[in-house]
Amino acid sequence: MRIGAVVLAAGLSRRMGTPKLLLPWGKRTVLTQVVTTLWEAGVTVIYVVTGGYREQVEALLRALTFPVRCVHNPNYAHGEMISSLKVGFQHLPPELEAALVVLGDQPQIQKEVVISLFSLYAERKSLLVVPSYQMRRGHPWLVDRRLWGELISLPASQTLRDFLGIHAGDIDYLVVDTPTVVQDLDTPDDYERMKPLEGPSLE
C-alpha cells in the first residue's frame, strides 16, 4: 500500500503577521514538524505546495535528512486552498493508491492518527477517510486515487468543503479523542497557546 501526502504550505500568513510555517516548534519549525511526523508515520512521498515565502520554505525543506518534493502554486496570492491542492495532486506519481491532504500549519499532527487513517483505508478501501473529533471533520484526510481526477477538475467556485459534501456518503470517519485534528495556527494567540517549549536547534 503506497500512500503519499500533499502538504498545503502556500499561504501568506496574513493573520499571523509573520511567516508562520517558519516559526519555532520545539526543536523544529512548524512546517518541518509536520513533514517529519508524516515521514515517521511511513509516508515517503511528500509533496509540499509552496507559494508565499517560497524561497525560505524550500530552503528549510532542503536541509532535511529525508526527501521532500516542492511544487509551486503560481496562483497562491489569489487562489483559494483548492488551487494549491490541485497543483499538488497533479504532481503525484501514478503508483500511489491514495494521498493525504495535510495542512502545513498543523504541527501538532499526531503520527498515531496518520497510521490509524492508513489502517482504516486498508481495511475498507474507502474513497475518503476523514478524522472526526466531537463530530467535527479534521485534517489530515485521505483521498483514494479514484477521486483525484474529480478533485483536480473542481471549478474555482467550489471549495474542499463542497467536495467533501458531494461525497458525504463515501466518507469513512476515523473518530479520534484528540482535538489536534481540528486545530491549526492562524493568529499569534493560537501560536502562543499551542506551541511547545522551544529547543536549541531548528530544522
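Higher on the page you've got the structure.
Note that the structure is a prediction, hence the values are computed from the model and not measured. (Residues numbered from 1 in each chain as written. Predicted model: local features only at pLDDT ≥ 70, side-chain atom pairs only at ≥ 80, totals over all residues. Heavy atoms only, no water.)

Draft legend 1. Just the overall build of the protein, in detail. When helices and strands are counted, the protein shows 7 helices and 10 strands. The C-alpha atoms of the protein give 16 Å as radius of gyration, which agrees with the globular expectation for 203 residues (17 Å, within 12%). Each of the 203 residues in the protein was classed as buried or not, and the buried ones make up 54%. Look at the contacts in the protein between residues 6 or more apart in sequence, and 73% of them connect residues 24 or more apart. (Helix = DSSP H or I, 4+ residues; strand = E, 2+ residues; numbered from the N terminus. Rg over C-alpha atoms; globule rule 2.2 N^0.38 Å. Buried < 20%, exposed > 50% of the residue type's maximum accessible area, 1.4 Å probe, protein only. Contact = heavy atoms within 4.5 Å.)

Draft legend 2. Representation of the side chain of Thr178 within the structure. Positionally, Thr178 belongs in the loop between strand S10 (171–175) and helix H7 (188–194). There is a polar contact of 3.4 Å between the side chain of Thr178 and the side chain of Gln110. Within polar-contact distance, the side chain of Thr178 engages the side chain of Thr180 at 2.8 Å. Those residues in contact with Thr178 that sit more than four places away from it in its chain are Gln110, Val113 and Tyr133. (Polar contact = N/O pair within 3.5 Å; in protein donor to acceptor, adjacent residues only side chain to side chain.)

Draft legend 3. Examining the nonpolar core more closely. Ranked by internal contacts, the top residues of the largest apolar core, which has 42 residues, are Val7, Leu31, Val35, Leu38, Ile46, Val48 and Leu100. Among the elements of the structure, strand S1 (3–9), helix H1 (30–40), strand S4 (46–50), helix H2 (54–62), strand S6 (98–103), helix H4 (111–124), strand S7 (128–133) and H7 are those that each provide at least two residues to this core. The leading source of residues in this core is H4, at 6 residues. Not counting the four nearest positions on each side in its chain, Leu38 is found in contact with Ala5, Val7, Val43, Ile46, Leu100, Val102, Ile109 and Val114. In terms of nonpolar packing, the next biggest core, distinct from the first, is built from 28 residues, Val6, Val71, Leu92 and Phe163 among them. (Core = buried A, V, L, I, M, F, W, Y, C linked by side-chain atoms within 4.5 Å.)

Draft legend 4. Representation of the pairing of S4 in the model. Among the 5 residues of S4, 5 are classified as buried, and the element is accordingly described as predominantly covered. Neither face of S4 is exposed, since Ile46, Val48 and Thr50 on one face and Tyr47 and Val49 on the opposite face are all buried. As defined by bridge partners, S1 adjoins S4 across 5 bridges and the pair is classed as parallel. Directly across from Leu8, in S4, lies its bridge partner Val49. In this structure, S4 lies alongside strand S5 (residues 69–72), joined through 4 bridges in parallel fashion. Within S5, the position partnered with Thr50 by the bridge is His72. After leaving S4, the chain enters H2 and then returns to the sheet as S5, a path that is right-handed. (Pairing = 2+ DSSP bridges. Right-handed = clockwise from strand over helix to strand, strands pointing away.)

Draft legend 5. Region of interest: the packing of aromatic side chains. The full count for this structure, using the stated rule, is 4 aromatic pairs. Geometrically, the ring pair formed by Trp25 and Tyr191 is tilted, given 6.4 Å between the ring centres and 50° between the ring planes. In this pair, Trp25 sits in strand S2 (residues 24–25) while Tyr191 sits in helix H7, placing the two residues 166 residues apart along the sequence. Of the two residues, Trp25 and Tyr191, neither departs from the other in class, the shared state being buried. (Phe/Tyr/Trp six-rings, centres within 6.5 Å; stacked < 30°, edge-to-face > 60°.)

Draft legend 6. Spotlight on the environment of Val49. On the secondary structure map, Val49 appears in strand S4. For the pair Val49 and Ile82, spaced 33 residues apart in the sequence, the C-alpha separation amounts to 11 Å.

Draft legend 7. Broad picture of unusual backbone geometry. Across the junction of His139 and Pro140, the peptide omega takes the value -5°, indicating a cis bond. For Pro140, the location among the structural elements is in the loop between strand S8 (136–137) and strand S9 (141–144). Residue Tyr53 is not a glycine yet carries a positive backbone phi of 60°. In this fold, Tyr53 is placed in the loop between S4 and H2.

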